[in-house]
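A look at the structure
This is what each chain is made of:
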Number of protein chains: 2
Amino acid sequence: MVGLAPPFREKETHDQKMNVAFQGEHGAYSEAGLFEHFGDGAVALPCESFDAVFAAVSSGRVERGFIPIENSLAGSIHRNYDLLLQNELVVVGEHNLRVSHCLIGTPGARLEGIRTVTSHPQALAQCEGYLKRLGVKIEPAYDTAGSVKLVREGGNPSVAAIASRRAAELYGMQVLAEGIEDNPANYTRFLAIACHPVEPGPDAKTSIVFSLENRPGALYRAMSVFALRDIDLTKIESRPLVGKLWEYFFYIDLAGSVEETRVKNALANLSEFAAFLRVLGSYPRYRGG
Amino acid sequence: MVGLAPPFREKETHDQKMNVAFQGEHGAYSEAGLFEHFGDGAVALPCESFDAVFAAVSSGRVERGFIPIENSLAGSIHRNYDLLLQNELVVVGEHNLRVSHCLIGTPGARLEGIRTVTSHPQALAQCEGYLKRLGVKIEPAYDTAGSVKLVREGGNPSVAAIASRRAAELYGMQVLAEGIEDNPANYTRFLAIACHPVEPGPDAKTSIVFSLENRPGALYRAMSVFALRDIDLTKIESRPLVGKLWEYFFYIDLAGSVEETRVKNALANLSEFAAFLRVLGSYPRYRGG
């Protein structure tokens, strides 16, 4: 089964007021990322789950979804790889966001008085060294911005949350410390998803997913269709193929667009022996700061 | 930097009474797996975290650790890939465990009376269809066997846990339904870890981890050192290389032992251009039912 991307229908422009779904509460890092990507004119729709983001795009309620796919410290967000496969949406853009965590308390709270810190488990893990030095109790929460809301509702000056500066401002809370992450090389890569493909322009990337017959050298052969055409692979990720024990779907990002002849030829070559192949989309490579 | 495995020191035999650390409470799937792997004579040491399992082995408190590395439905347990790299332990065995979930209530509880179900989030997700049909509220817990303990302590006949039949028996609780997972192809692959390598025997697998210079075709070149020697790769996994943006450690499992000439040659070849290479261990391939 092979599904190649349909022809491009529109050119992506970011000056239109785009409705964009994201997972989390207002003030989430995903929301900060989508405003960077789509511009301040975008209208952000908070969703409870990643599934709900995909559903909002599929149903036409919003034009775009904006999902984290990979963090430079924690690794891939595998749920979203699975959802890309389960849904018929296409990838139309990527964005890298620098993640900088703040310790956020109630108005008037003091850093010395903090005894408990709550946030998403990944944010807590990224500030582990700081929190150990602070000697506080940690409590996992549903998400970063949501933990700021919880602390505001609790009104306890000895409880603080970890989230973005934007979340603190949005909920009228106080930033007690900034840049508290143990490693400053903390970036999250997001994908923009839509119902229809866009024109990726001259400096494009393409995301594909495929599975292979379970035989020796199969993945090497799959990678050779790109290597033999000098196509650079920027990412490879494997996910279990449910129902087939210890077989995998492979997700690959490559430099180039499906409009380029050598990419077209490589994918045609791969489809000759892949058990399954789907192009998730071609999109402009992120070239921000 | 290249670290090849030291020579083998001992032959693994499972008739000795082995002390083995695992993550979770007594009755956890990891504990069931280690008794299958090491025999009923093994002495199981419960640990709070995967970090604690590695520490128990490193310190010599136990001879072996037993860690889940991959589930056929959920994918890899990335924390353990990271810990394999951060610790100096070696992989000395692998084991596949069939995971079959039970709904477990207090003694005398009835299935019709269950309103709330608690367990590890992954167990809850694997029984999602069953729980939806049951129409119950779900509550995440620290681990599967631990959730049985919690339900016992609570003593509420409308609350049930999801765990193994063994956990129900161990805590004197009642199995209300068995095999409630949505997909029966539910297996977890475990690795046995130790301070020193063992003799892997004639049908071996080898796990390695390496990183590459960030240049086009680098991963293809790495895979070619195995393909050109007809060495079968059974698994590939990537994890972020912290401190280098969008670069990765690659974890590969291959068929063969580091004692075989062609594997030795392939690894020597890889070390010519890998930025980092470490052999995590050669061990007997799992050949159970």
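Residues numbered from 1 in each chain as written. Chains lettered and ligands numbered in written order. Predicted model: local features only at pLDDT ≥ 70, side-chain atom pairs only at ≥ 80, totals over all residues.

**Some details on the relation of the copies chain A and chain B**
- Once chain A is rotated about the relating axis by 180 degrees and shifted along it by 0.0 Å, it coincides with chain B to within an RMSD of 0.0 Å. Here the two chains are linked by the operation of a two-fold rotation axis. (Least-squares fit on C-alpha atoms with pLDDT ≥ 70 in both.)

**What about the sheet that holds strand β10 (residues 137–140) of chain A?**
All names here are of chain A.
- Taken together, the five strands give an open sheet; going across it, the order is β10-β9-β11-β8-β12, and neighbouring strands pair in mixed fashion. The sheet terminates laterally at β10 and β12 (174–178), the two strands that pair on one side only. The mean inter-strand angle of the sheet, taken between neighbouring strand axes irrespective of direction, is 30 degrees.
- One ladder, built from four bridges, connects strand β8 (residues 102–105) with β12; its direction is antiparallel. (Pairing = 2+ DSSP bridges. Helix = DSSP H or I, 4+ residues; strand = E, 2+ residues; numbered from the N terminus. Axes fitted to C-alpha atoms, helices over the stretch in contact; angles between N-to-C directions.)

**Quick look at the pairing of strand β11 (residues 159–163) of chain B**
All names here are of chain B.
- In terms of residue burial, β11 counts as a mostly covered element, since five of its five residues are buried.
- Every second residue of β11 is oriented toward a common face, with V159, A161 and A163 on one face and A160 and I162 on the other, all of them buried.
- In the sheet, strand β9 (residues 116–119) pairs with β11 via three bridges, with the strands oriented parallel. Of the residues in β11, the one forming a bridge with V117 is A160. (Buried ≥ 20, exposed ≤ 12 C-beta atoms within 10 Å, placed from the backbone.)

**What to know about helix α2 (residues 50–58) of chain A**
Residue and element names in this part refer to chain A.
- Among all positions of α2, only F50, V53, F54, A56 and V57 are buried. Around the axis of α2, the buried residues are gathered within 160 degrees of arc, so they sit on the same side.
- Residues of α2 that are buried sit in contact with β3 (19–23), β4 (43–47), β5 (64–71), α3 (78–86) and β13 (187–194).
- In the segment just after α2, G60 is the residue with positive phi, at about 85 degrees. (Arc of directions from axis to C-beta. Contact = placed C-beta atoms within 7 Å.)

**A few points about the domain arrangement of chain A**
- Segmentation of chain A into domains returns domain 1 (19–98 + 186–197), domain 2 (102–178) and domain 3 (204–284).
- For domain 2 of chain A and domain 3 of chain A, the distance between their C-alpha centres works out to 42 Å. (Domains from an automatic or database assignment.)

**Let's talk about the interface of chain A and chain B**
- With 25 residues of chain A at the contact, the number on the chain B side is 25 residues.
- Elements supplying a minimum of two residues to the side of chain A that touches chain B: α8 (218–227) and β16 (233–240) of chain A.
- Broken down by element, the residue count for the side of chain A that touches chain B peaks at six residues, all from β16(A).

**Focus: the sheet that holds strand β10 (residues 137–140) of chain B**
Residues and elements named next belong to chain B.
- The strand order β10-β9-β11-β8-β12 describes an open sheet built from five strands, whose pairing is mixed. Every interior strand has two partners, whereas the edge strands, β10 and β12 (174–178), have only one. Each adjacent strand pair in this sheet contributes to an overall mean axis angle of 30 degrees, direction not counted.
- In the sheet, β9 pairs with β10 via four bridges, with the strands oriented parallel. Bridge pairing in β10 places V117 opposite I138.
- This element, helix α6 (residues 144–154), spans β8 (102–105), β9 and β11 of the sheet and lies at about 160 degrees to β11.

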